[in-house]
Structure formats: C-alpha cells, structure tokens
Amino acid sequence: MKTRKTNLLASLVVGVALLSACEKAKVTPVTTNNLKVATQSTLPSGYTVPTFVTNPKNLNIVMFVPTDNPALSDYKTRLTDLMVHFQNWLHTEMSRYGYDKYMGLAKDTSGLVKFIEIPAAGPQADYPYSSSISANKIINEVNAYKATHASEFSNSQHMLILLPQRTDASSDGQPFYGYGKYCFALDNSNMAVSKIPNPSSNYIGGMLHELGHGLNLPHDHGKYTSEQPTLGTSLMSDGNVTFSKGQPTFLTGVDAAILNRNEVFQDPSPSETPYGSATTTLNANMTYNSTAQTFSLTGNFTSDKTVSDILVYLDPKTSASDADYNAVTWRFNPGAGNTLTGTMALNDLYYKTNEPYELRVKLLLNNGSTISKAYSFSFLSGVPQLGVNGSAKFFQNASYGGYGVSLPVGNYTTADLISMGISNNDVSSVNVGLGIKVIMYDGDNFTGSSIELTSSSSYVSTFNDKASSIKVIAL
C-alpha cells in the first residue's frame, strides 16, 4: 500500500509545500456588512485611469465571488491602481538587471485593468484556506466558466484569483497562496496603493508575493552580505511583510531572469511555445576554495532548446518544512561549449556551521521552462564538506520523508541494506551527494532492472519501492 500512498504524496507535494510555506499570509474574517453592495459599473467622478502596459499575453485576473459575499463596489478602480503599482515595481526591479520588461495587464472597455468576475457555485464557507481541495475546487469552477467565456481571458497560462475577504464567523480564511501557474489572494478595502505602508496588515505584500509564485518564482533569499544590507528583503523570502510596510524589498537576479522569460512579460510574442519541453542533460559539481572563501561551480549541459541562464540555489535545510525561504541564489551566463562556470562567496550565506544543504542547479530556457538537478552537501564546524566521504541518503517516502539512511561509497546487497536500516523494496526518494552516482537494482546482488541517479530525486517514480540492492559510486 505504500506505493499508492507515496504516489498521492508526490502529486500533492508542490501545492502542500506552498500552502505551508505561505502560512504567514493566512487570513481572518472581517465583520463588515457588504452583502447588498453592487459591483462598480461606471468610473467615479474625478478618477483618472492610470497608464499601464498590455502585452500580447497578459495576466488573467479573476474576482471569484461566493454566493453570500459579493465583491466590494470599488474593486475595479482600486485594484487597477494596485495592479499598475505592481507592474511598475516589477519593471523597476527587473530594470536593475538590464531587463526592460513589463508584466502584461489586459484592459477592459473602460480602460481599467480587466477583471474577470466569476460567480462561485457556493458560499464562502465552501472555499476555506486550509485545504488544497478548496483551491482545486475554485480552479475547476474557473475553468468551467472559461470553457463558455473564453473571450474574456487572455491566452496566457497565468492566473491571479481574488476572493472578497470572508465576512462569516469562520477563522479559517480563504486561499492565499500560489502554486503552478495559479495564485490566490483576498480583496478588502485596504488593498490599495494609498494603504502602503500598512503597519497592521501584510495582505498587499502577500498578494505580490503569491503573484510571484503564480509567475513561476519559487522562494529565495537575498545574499546576506552583498544584497540584503543595501537592497532589503527579497520579495520571495519575507518580502510580503516588508513590501506592505513600505520597507526596502527587491527581486533577486534569479527572480528577474525567470520573469524575463515568462510569457506575460513578452512583447512581441516569441516564436517558441512558452514552457515547451526540452531534451537535456546536466552535470554539475562544486568545489570550495578555503583561501578565497568561495565556491566554484563547474559542469556541462546539453539541450535541444536554447538555454538563456544558469540559476543556482544554495539552500540550507534548517528544518523539514523550511520551504526554501533561506535559499540564496546566483545567476550565471552559460559558458562556452555549454559549460557551467560561476563563483559564489561564502560570506553571502548566513547558515554555515553544521547545516545540511541542497545545491540546486537550473537551466533556464528561452521559452521559460527550467530543468533542475539537486545535490546534497553539508557544513561541519564551519567548513563545507564537498566530495569528502561522499554518500547518498535513502528515504522511505517521497519528498525525503520517513526514515532516512546515509550510505557511503560502496556496494550493498539486500542483506546489507537491511542491516543498515533500509527495508527491501522501500526507497522512494534519494539525496545524492556531490561527486556521487547511485545505481539502484530491483534484484538482489545487483541484478534485474536498474535506475541511475546523478542528482537528488524527491520521488523515484518509476523505481518507487523497488530497490533491492544499491551501488553508491564516486565519480
């Protein structure tokens, strides 16, 4: 039965990780009585529509309205101003890295940002915060509406879904997180440019943070020495708090590079299909120079699609659920002959005493897709352990859950694995150290079918619960 359970876990891991990662954005109900307020249909006297950029493909913005909690009457003008503020902020941040790009916002017939107002099938209680089922229910209803109202939507894959802030007695709030190409946030009367800074609410910054997730951005942290003291807080770390409070907040270079290839930032539209698949290989290694106090990235790659950027994440695993808020990032150009080359300063890391780390190397393609490999290493008494006593760690469940057992370089039969604490046919995920290759066999004594891993895998889907013998090999 473990195979079935693990498959379910793997299918939910992205959504669940972001649910917990953005827990700080969880909302509480308000008690204002707005049940009979009508949706704004004309521009108020004296209101000036702001100038903003519309691209061939634009962000879809949905106002999803439960049956017992209608949208606030002024939301179209108020949120137009806020979305344009977001558009300009993102452009300013991207311009620091040389990207003259704007997030596309569609216009309605009044010249405002276009909001697609969709009546929900149920009351607000049907769409709580605390369940991924709630998000899927909303997405299913939005897609059903889209099937019969396709002309109201832009032809992009990205969608910000807003719900009026709950007015019932529940403390559970509503969806306020992002995963895949979707992100969720609330609307209330304080969601306005004029309410920045707001000392009592992180909702405005929270909306921008979750929008980042909906635009392909994972969590990351600014460099502790060369960025954070001068630029403030990374949006995709704790920037929801600092942005709301009017404090310095920034996009990392990796974030800007990802947005530079996002489909809603393109004008004109590129010839390549956005986020198309690619056939690639990626081999990476990292060394440490104790004199210069730097890491050096080396390696090579192949790809049948153009690679625009090399993205590197050094992510301390400070807890089982740290959600990558502490992942410090670097961006490099692809080297000559499809090589990986880059240098990273040790003092840009905060955690460097005795912590386990994950090195993630990503190829960012021109079409916006990323291809990633992950490797494990650790610090010991302040010294990074790279290629020293190389090992791989084998976990019972997907996403490095259940028991975990490290195996140094060597060959392990079924009896060996059992003696080390790994049950037969019980491995679902593997952390692979730098300079290590793992071969798992479904038969004892290195027989039968096999799978080869040169980087970490959070779910060995085709080989789940099949390992009966294992080789851990130094490269």
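All values reported here derive from a predicted model rather than from experimental measurement. (Residues numbered from 1 in each chain as written. Predicted model: local features only at pLDDT ≥ 70, side-chain atom pairs only at ≥ 80, totals over all residues. Heavy atoms only, no water.)

Novice: How do you make sense of the environment of Thr413 when you look at a structure like this?
Specialist: Within the fold, Thr413 resides in the loop between strand E18 (410-412) and helix H8 (414-420). For Thr413, a relative accessible area of 17% puts it in the buried group. In sequence terms Thr413 and Phe446 are 33 residues apart; their C-alpha atoms lie 7.2 Å from each other. In this view, Thr413 contacts Asp444, Asn445, Phe446, Ser468 and Ser469; residues no more than four positions away in its chain are not counted. (Helix = DSSP H or I, 4+ residues; strand = E, 2+ residues; numbered from the N terminus. Buried < 20%, exposed > 50% of the residue type's maximum accessible area, 1.4 Å probe, protein only. Contact = heavy atoms within 4.5 Å.)

Novice: What is the right way to read the pairing of strand E19 (residues 429-432) from this model?
Specialist: Where burial is concerned, the two faces of E19 agree: the one with Ser429 and Asn431 and the one with Val430 and Val432 are both buried. Inspection of the sheet shows strand E16 (residues 391-397) paired to E19 by 4 bridges, in the antiparallel sense. Pairing of Ala392 across the sheet is with Val432, part of E19. (Pairing = 2+ DSSP bridges.)

Novice: Could you clarify how one ought to interpret the sheet that holds E18 in this entry?
Specialist: The strands making up a sheet associate through backbone hydrogen bonding, with each pair oriented either parallel or antiparallel. With antiparallel pairing, 4 strands are arranged side by side in an open sheet as E18-E22-E20-E21. Among the strands making up the open sheet, the edge pair consists of E18 and strand E21 (447-453). Averaged over all pairs of adjacent strands, the angle between strand axes in this sheet comes to 15 degrees, irrespective of strand direction. Sheet topology places strand E20 (residues 436-443) next to E21; 5 bridges connect them, and they run antiparallel. Paired with Val438 across the two strands is Leu453, which belongs to E21. (Axes fitted to C-alpha atoms, helices over the stretch in contact; angles between N-to-C directions.)

Novice: Looking at this structure, how should I read the sheet that holds E19?
Specialist: Strand order in this open sheet of 3 strands is E17-E16-E19, and the pairing throughout is antiparallel. In this open sheet, the two edge strands, each paired with only one partner strand, are strand E17 (401-408) and E19. Within this sheet the neighbouring strands show an average axis-to-axis angle of 20 degrees, counted without direction. Two strands pair when backbone bridges link them, and E16 and E17 are joined in this way by 6 bridges, in the antiparallel orientation. Bridged to Asn397 within E17 is Gly401.

Novice: Where do I start with unusual backbone geometry in this structure?
Specialist: Negative phi characterises most residues that are not glycine, and trans characterises most peptide bonds. Cis geometry is adopted by the peptide bond preceding Pro197, which originates at Ile196 and carries an omega value of 5 degrees. Structurally, Pro197 can be placed in the loop between strand E5 (182-187) and helix H4 (203-214). That bond from Asp267 to Pro268 is cis: its omega, 5 degrees, falls within 30 degrees of zero. Relative to the helices and strands, Pro268 resides in the loop between helix H7 (253-260) and strand E8 (280-289). At Asn445, a position not held by glycine, the phi torsion is positive, near 60 degrees. Residue Asn445 is classed as partly exposed on the basis of its relative accessible area, which comes to 46%.

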